[in-house]
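What follows is each chain in one-letter form.
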Amino acid sequence: MKKVNKLPFYHEPVLAQEVLHYLLINPDGIYYDGTLGGGGHALLFLQKLTSQALYIGVDRDEQALEYARRRLSAFHNVVYYHGLYNDIGSALQAANCSRPDVIFLDLGVSSHQINSDQRGFAFRPHIALDMRMDREQALTAADILAEYEEKDLIRIFKEYGEERHSRRIARVIVRQRSEKPLRFSDDLISVIERCVPGKQKIKSYARIFQALRIEVNRELDILKEALEQGLNYLKPGGRMGVISYHSLEDRMVKNFFKEQENPCTCPPELPVCVCGKQPRLKRLRPWLIIPTEEEIKKNPRARSAKFRVGEKL
Ligand SMILES: C[S@@+](CC[C@H](N)C(=O)[O-])C[C@H]1O[C@@H](n2cnc3c(N)ncnc32)[C@H](O)[C@@H]1O
C-alpha cells in the first residue's frame, strides 16, 4: 500500500463502499472524477487501481485541487484539471486520452468549503455572501442580491429553493437594497426573518441560501450538460455514477437515466416503434442507493445523499 500524506481533515467521502462496489469495474481503466474535492473517493479508487490506470481529477476550486495534489502525491497516474466537470472533452484532451470507463460526480460542496467562513456558503453570522466555488469567477451571491431584478430573484428562489415565500422575500430584498446593500449572511437572514413566520424560518434560510448557491455556480445547467456529454464520451460498457444532495439534482439525474434507458417517444398504442430512438443506457439496480443509518450517524452530511448508476450500452 502506498504511503499517503497525512493532511488536516477536508471532507469525508460519502457512500464510499457503494461507490467502489458499482464503479470499480476495471483496475487498469480510465476514471473521470469530475468533483475531485479533497480526493477522498479518489484515494479509495487509486488504492485499488493498478499503475496502468489513469485517474482524471477535475475541480473548479483551485484550493481543492491543491489539497488533493498534496494528498495523492504518491500516485503518479493522476491528471489534475482545473475546470468545470461538464468540460469533459478538454479534460480528456489534457490527459491525452479519449474515452473513460467511468465517470463519477459527487455533487455540491465539500465540508471544507462549507466550513470556511470566507467562502460564504453557510448561514452562520457575519459571513460575506460570496458562494463562488471557483474564486476566479466574478459573480458572487452579493452581486445577485444587488443587481438581479425582482422577477429574477423570485424565479431563482422558486425554482432552485422551492421556497413558498419567494415573492415576499424578493420584494423585501429589493426595498432593503435601495437603503443598504446586502453583503453579509446576517443581512439576508434578517430579510428572511421578516418574511417567514415562526419555525418555518430555519428551512427558508436553507432554501434561499441553496437557491443563491445554485445560481452563482450555475449548478443545474452544468449538471444537465455533463450528463449528456458524459454519456457521449463514456466507453460502451462504461459506467456513470452520480451522488446528489438535493431533490432538483437528483430529479435531473433520475429523469436523464430513465429517458436514456427508454427514449422511445411512440404512442403506446403503436404495435412497433417508429421513432427509431435506441436506448443508450441501462440503469443499475437498485436504482437509488442511499447511505445506511450507521454512515449517517458517523457522518451526518451524508443524510441527503442519493447515488444512481447507469451503464452505457
Ligand atoms: C462534495 S465535494 C467532492 C468530495 C470528494 N468526492 C471527496 O471525497 O473528497 C464536491 C466538489 O466538487 C466541486 N465542484 C462542484 N461543482 C463543480 C463543477 N461544476 N465543476 C467542477 N467541480 C465542481 C466542488 O468545488 C467540490 O470540491
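Residues numbered from 1 in each chain as written. Predicted model: local features only at pLDDT ≥ 70, side-chain atom pairs only at ≥ 80, totals over all residues.

Caption draft 1: Representation of the overall build of the protein. Each helix and strand in the protein was counted, giving 13 helices and seven strands. For 313 residues, the compact-globule estimate of 2.2 N^0.38 gives 20 Å, and the C-alpha radius of gyration of the protein, at 21 Å, lies within 12% of that figure. Expressed along its principal axes, the backbone C-alpha trace of the protein runs to roughly 60 × 60 × 40 Å. Out of the 313 residues belonging to the protein, those deemed buried represent 42%. A fraction of 68% describes how many contacts in the protein between residues 6 or more apart in sequence connect residues 24 or more apart. (Helix = DSSP H or I, 4+ residues; strand = E, 2+ residues; numbered from the N terminus. Rg over C-alpha atoms; globule rule 2.2 N^0.38 Å. Buried ≥ 20, exposed ≤ 12 C-beta atoms within 10 Å, placed from the backbone. Contact = placed C-beta atoms within 7 Å.)

Caption draft 2: Local environment of the sheet that holds strand E6 (residues 281–283). Taken in spatial order, the seven strands of this open sheet run E3-E2-E1-E4-E5-E7-E6, and their pairing is mixed. Each edge of the sheet is formed by a strand with only one pairing partner; in this case those strands are strand E3 (78–82) and E6. Across the sheet, the axes of successive neighbouring strands diverge by a mean angle of 20°, strand direction being ignored. Relative to strand E4 (residues 102–106), strand E1 (residues 30–33) runs parallel, the two sharing three bridges. In the sheet register, Asp33 faces E4, and the bridge partner there is Phe104. Relative to strand E5 (residues 239–244), helix H1 (residues 16–23) is tilted by about 160°, and along the sheet it contacts E4, E5 and strand E7 (306–312). Along the sheet, helix H3 (residues 62–71) contacts strand E2 (54–59) and E3; its crossing angle with E3, the most-contacted strand, is approximately 165°. (Pairing = 2+ DSSP bridges. Axes fitted to C-alpha atoms, helices over the stretch in contact; angles between N-to-C directions.)

Caption draft 3: Just helix H7 (residues 150–161), in detail. A rise of 1.5 Å per residue sets the reference length of H7, with its 12 residues, at 16 Å; its end C-alpha atoms lie 15 Å apart and thus fit the reference within 8%. All buried positions along H7 are accounted for by Leu153, Ile156, Phe157, Tyr160 and Gly161. One side of H7 carries all its buried residues, which in axial view fall inside an arc of 100°. Check the buried side of H7 and you find it contacts helix H8 (166–177), helix H10 (200–217) and helix H12 (247–261). Note on H7: the residue one or two positions beyond its end, Glu162, has a positive phi of about 50°. (Expected span 1.5 Å × (residues − 1). Arc of directions from axis to C-beta.)

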